[in-house]
Every structure is written in C-alpha cells, then in structure tokens.
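# Architecture at a glance
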Amino acid sequence: MLERLKQKWGVSAGRLVLILVTFAVGGSLSGIAAKKMMSLIGISQAALYIPLYIIVVTVIWPFSVMTVSLFTGQFVFFRQYLARMGSRMTGRKKKTKPPPSSPKNITIFASGAGSNAQKIIEYFRNSETGKVALIVCNKPKAGVIKIAEESGIPVLLIEKKRFTEGDAYLPELRAAGTDLVVLAGFLWKIPQALVDAYPRKIMNIHPALLPNYGGKGMFGHHVHQAVITAGDLQSGITIHYVDEHYDHGDIIYQAACPVLPGDTPEILAARIHQLEHAHFPKVVEKVLLKQS
Ligand code: GRF
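Cut-offs and rules
- Residues numbered from 1 in each chain as written.
- Predicted model: local features only at pLDDT ≥ 70, side-chain atom pairs only at ≥ 80, totals over all residues.
- Heavy atoms only, no water.
- Axes fitted to C-alpha atoms, helices over the stretch in contact; angles between N-to-C directions.
- Helix = DSSP H or I, 4+ residues; strand = E, 2+ residues; numbered from the N terminus.
- Parallel < 35°, antiparallel > 145°, perpendicular 65-115°, else oblique.
- Contact = heavy atoms within 4.5 Å.
- Nonpolar A, V, L, I, M, F, W, Y, C, P; charged D, E, K, R; others polar.
- Near = heavy atom within 4 Å.
- Polar contact = N/O pair within 3.5 Å; in protein donor to acceptor, adjacent residues only side chain to side chain.
- Areas by Shrake-Rupley, 256 points an atom, 1.4 Å probe, with all protein chains shown as cover.
- 1 Å grid on protein atoms, 1.4 Å probe; cavity = no way out; pocket = protein on both sides within 12 Å on 5 of 7 lines; lining within 4 Å.
- Sits in = over half its atoms within 2 Å of the grid points.
- Points joined across faces, edges and corners; volume = space filled by probe spheres on them.

A word on the packing of helix H10 (residues 220–230) against helix H11 (residues 265–291). It is the contact of H10 with H11, at a shortest axis distance of 9 Å, that shows an interaxial angle of 110°. Here H11 runs roughly perpendicular to H10, going by the angle between their axes. Each of His221, His224, Gln225, Val227 and Ile228 in H10 lies in contact with H11, whose residues at this interface are Pro265, Leu268, Ala269 and Ile272. Along the lines of polarity and charge, the residues of the contact of H10 with H11 split into six nonpolar, three polar and no charged.

Laid out in structure tokens, this is it:
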C-alpha cells in the first residue's frame, strides 16, 4: 500500500511520511475546528451535519492541510494535490489526448554529466510520443556526449559566438526535425533567435523552487548552497518554458523535497537529482502530448 502511494505520487519514503503526517495532523485539526464550530453555533448536530460537512471538506480541511504542509515542507505537493481534487470535484477532467501519429523529435541541450538526458533517452526509447533526435552540447568533454554515443544519438557541438550572435544553429536544429527543445543542464542563455523560432517549445529544468534561487549565476552547487545558507526547510525542482531571461518563463511543474539538518550542497543535489529523474521525462511527455 505504502509502496503504491510512493509510486503514484512519485515521492521518496521520507517524503511519503511527511505527506502522511500532514494528512493526519490536517485532518485532526479540521475535526477539532468542526466540533468547535458546532458548539459555538449551538444548534443540534443533525441539522448542521450536511452544511458543516460541506464547509469542512471544501474550506476547513484544505486550509488545515495547506497550513500544516508549510511546517512539514510539503506545500508544493499539497497545492498540486488539492488542485487535482478540485478539478475532480467540479467534474473538470483533463483531456487526455491520444499519442501523436509519429513520435515528435526532442533535441536535448546539455553540457554536464547528462544524467537527466540519460533518463529522457531511456524513457522515450520505445515511445510513440517522442524520441530524442539530437543532443546539443558546448563542452567536448561533457559526460552527456558519451551517453549520446552509447545510445546512437547524434551530437552537435556548438560554439558560443555562432550560438549567441549568429543563427543559433537553427539550420541544424531544423534538419534534425526538432519539435521540442529540452534544456537539461545547459548553462548558456538562450538567444532571442532560438526563443522566437520555438515559442513555448523550449523547456528547462532548474534545481530549486523558482522564482527563488534563479537567475544568472544560480546553477549547480551555487543554488543548493544558497538554499542551505538561507535556512530553507524545503527545496525542489522547477520545470518551465524558456524565454530570453534566465530561469524566467512560465512554470510547467514543480516538486519539492525537504532540506534536512546537516545537508551539504552535494547531499541536497543528490536528493534533487532523484526528484528530477522521477519527474522530468514524464513532464516532457505531457508537453509533447499538449503540442500534438
Ligand atoms: C540538474 O540538476 C538540472 O536541474 C540543472 O543542471 C543539472 C544537470 O544535471 N539545470 P545532469 O547533467 O543532468 O546530471
């Protein structure tokens, strides 16, 4: 049962405990609040049961769990959970589109170890929705190049002047049939020419909860160090569309994890990587399905 919940919500065992604690404490607080209200109004329980039940479910319980989630560091989870519940209660179902007729081409920009690129490549290996058609990299020695080669995916090595001041390698991207650009650990700013050529078709993953800890210079351990120094109780990931500013476009998805006492930037980075690997490929798939 617990294992099923872990998989369903895509969370670690530790986070699952915090989520269940939030449910339990939030639920108890709602019960206490409901009892208090009944004794304050002083009408018979039977007459009040239905309206009170509605108020508890729609107002008091959500308010209690959201408040408790601030203390357990699970705010982002519960915000998304309640949004899902809300659309179920109002009958607004998300339209699930069938997969596109032929897989869309994903071009990944990466210049680091490439663990996220690897997860995306694996996820789409037998997919009807998308396939990784090209890896773009600006560092000849980056780990992602080996990953691409082992997976038989072509690599395009780029240099800064042509990328930022020239044609942004649009001819090569178009030749690869690029439908979606995914930035997975790519540090250069995306030039206007590329943003214009792929409006809302470029997405990035950032290892913190934007809008905090984003912008120029906020990458890798700098982000995690800033979160730890600030004493934040939670951090997480943000997947967002890319515009011409660093870490700025509309947010597509966020997931949080706790920052624990004694965390170093390396420990926090490892926890965040797990979160990225669990969610990034699925979010890429959702964006592809939206486009088709
Ligand atoms: C990830 O933490 C990502 O959020 C950030 O860069 C890192 C890339 O890691 N933008 P990897 O190269 O995918 O392992």
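In the vicinity of the ligand, the contacting residues are Gly112, Ala113, Gly114, Ser115, Asn116, Gly185, Ile205, His206, Pro207, His273 and Glu276. Within the contact set of the ligand, an oxygen atom lies 3.1 Å away from a side-chain nitrogen or oxygen of histidine 273. Within the side chain of glutamate 276, an N or O atom sits 2.3 Å from an oxygen atom of the ligand. In the complex, 84% of the free accessible area of the ligand, which totals 370 Å², lies under the protein chains. One can see that the ligand is located within the second largest pocket. Looking at side-chain class alone, the shell around the ligand contains three nonpolar, seven polar and one charged residues.

Below, the discussion takes up the side chain of asparagine 116. Here asparagine 116 lies in helix H5 (residues 115–123). With near-sequence residues (within four places) excluded, asparagine 116 lies in contact with Ala184, His273, Glu276, His277 and Phe280.

Our next topic: the layout of surface pockets. Quantified by volume, the second largest pocket comes out at close to 850 Å³. Around the second largest pocket, the lining is made up of 39 residues, and of these Gly185, Phe186, Leu187, Phe219 and Gly220 lie nearest the centre. Among the elements of the structure, H5, strand E5 (202–206), H10 and H11 are those that each provide at least two residues to the lining of the second largest pocket. When the residues that make up the lining of the second largest pocket are grouped by side-chain class, the tally is 16 nonpolar, 17 polar and six charged.

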